[in-house]
Amino acid sequence: MNENNILGVILAGGKSKRFGQDKSEVKLGDKTLLEHTLHKIKSKFSKIIIVSNSKILKDYTIIKDCIDGQLGPLVGVLSAMKYIKKNNFSYNWVATFPCDTPFFDIYIIEEFFKVSKLNDSLLYFVKSKEKRHNIFGLWSLKLIETLEKDIIQNNYRKVEKWANKVGVKIINAPYDGADPFFNINTQEDLIEAEKILKNQKHD
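Because the structure is predicted, anything quoted here is derived from the model rather than measured. (Residues numbered from 1 in each chain as written. Predicted model: local features only at pLDDT ≥ 70, side-chain atom pairs only at ≥ 80, totals over all residues. Heavy atoms only, no water.)

**A look at the overall build of the chain**
Each helix and strand in the chain was counted, giving six helices and nine strands. A globule of 203 residues ought to have a C-alpha radius of gyration of about 17 Å, and the chain, at 16 Å, matches this closely. Seen through its C-alpha atoms, the chain measures out along the principal axes to roughly 45 × 35 × 30 Å. Burial status across the chain gives 49% buried among its 203 residues. Counting only contacts in the chain whose residues sit at least 6 apart along the sequence, the fraction spanning at least 24 positions is 69%. Here the chain carries 32 positive and 25 negative side-chain charges, and the mean point of each set is 4 Å from the other. (Helix = DSSP H or I, 4+ residues; strand = E, 2+ residues; numbered from the N terminus. Rg over C-alpha atoms; globule rule 2.2 N^0.38 Å. Buried < 20%, exposed > 50% of the residue type's maximum accessible area, 1.4 Å probe, protein only. Contact = heavy atoms within 4.5 Å. Lys, Arg positive; Asp, Glu negative; His and termini not counted. Charge placed at Lys NZ, Arg CZ, Asp CG, Glu CD.)

Pasting the structure below:
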């Protein structure tokens, strides 16, 4: 099922300082990290864009940050919202996914679809076992002006701090076994992810 009022967005514009190279292009098994995320979400949205400062895939729309300086995920979200406005698309929501968390359960996308119809919040984040995952988010386009002002005028950079300011509701994502929100920040994390992937293939 596709939800035509939600734009799927992969945030792949990070500096990857701890990893030492662009994580989105790093291979895990037979796919890059970016391809793992695309593979999971591509059937769920009528359109997907990638926010990245490099041309990494030719078959998808890639946009750059609307503000130079690699200022973090908030700018990536704002860039996606501005892309919608610029092209007069009818999307009311932006669903964001990181490019470095390849094992997430796609059921959270169905949860995004459900809460988008509730109109009881302008922002939703996924949470599992007391940890909030601020890049797995559903953001209303109604936040665009507040977000832009807070980035440019009020110097907001951290998603956590900004979300707490504007108000955010939680989508719970319980799990057993390996953490589906394991994210790859270092070369050591990649080695661990390879072990997780191998175990999944054997299950």
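There's more to say after this.
**Considering the nonpolar core**
Counting residues in each nonpolar core, the largest one holds 28 residues, and the members touching the most others are Val9, Leu74, Met81, Val94, Trp139, Leu147 and Trp162. Those elements that provide at least two residues to this core are strand S1 (6-11), strand S4 (48-51), helix H2 (73-86), strand S7 (123-128), helix H4 (144-152) and helix H5 (159-166). Residue contributions to this core peak at eight residues, all from H2. With residues near it in sequence (within four places) discarded, leucine 147 still touches Leu74, Val77, Leu78, Met81 and Trp162. By size, the runner-up hydrophobic cluster in this structure holds 27 residues, among which are Phe136, Leu138, Ile171 and Phe181. (Core = buried A, V, L, I, M, F, W, Y, C linked by side-chain atoms within 4.5 Å.)

**A word on the packing of H2 against H4**
Where H2 contacts H4, the axes come no closer than 10 Å and their chain directions differ by 135°. Classed by the angle they form, the pair H2 and H4 counts as oblique. Here the hand of the crossing between H2 and H4 comes out left-handed. For the pair H2 and H4, contact is made by Leu74, Val75, Val77, Leu78, Met81, Lys82 and Lys85 and by Ile144, Leu147, Glu148 and Ile151, respectively. Tallied by class, the residues present in the contact of H2 with H4 amount to eight nonpolar, no polar and three charged. (Axes fitted to C-alpha atoms, helices over the stretch in contact; angles between N-to-C directions. Parallel < 35°, antiparallel > 145°, perpendicular 65-115°, else oblique. Left-handed = near helix turned anticlockwise from the far one by under 90°. Nonpolar A, V, L, I, M, F, W, Y, C, P; charged D, E, K, R; others polar.)

**Side note on the side chain of histidine 133**
With respect to the helices and strands, histidine 133 occurs in strand S8 (residues 131-140). For histidine 133, the side chain forms a polar contact with the side chain of serine 128, separated by 2.7 Å. Polar side-chain contacts of histidine 133 include one of 3.5 Å to the backbone oxygen of lysine 131. The residues touching histidine 133, leaving out its near neighbours within four places in the chain, are Phe125, Val126, Lys127, Ser128 and Phe181. (Polar contact = N/O pair within 3.5 Å; in protein donor to acceptor, adjacent residues only side chain to side chain.)

**Focus: the sheet that holds strand S9 (residues 169-172)**
Ordered by their spatial adjacency, seven strands build an open sheet running S5-S4-S1-S6-S8-S7-S9, and the pairing between neighbours is mixed. Whereas interior strands pair on both sides, the edge strands pair on one side only; in this sheet they are strand S5 (61-63) and S9. Looking at each pair of strands side by side, their axes are set apart by 30° on average, direction ignored. Against the sheet, H2 engages S1, S4, S5, strand S6 (93-98) and S8, with an angle of about 145° to S1. Across the sheet, H5 is in contact with S7 and S8; its angle to S8 comes to roughly 60°. (Pairing = 2+ DSSP bridges.)

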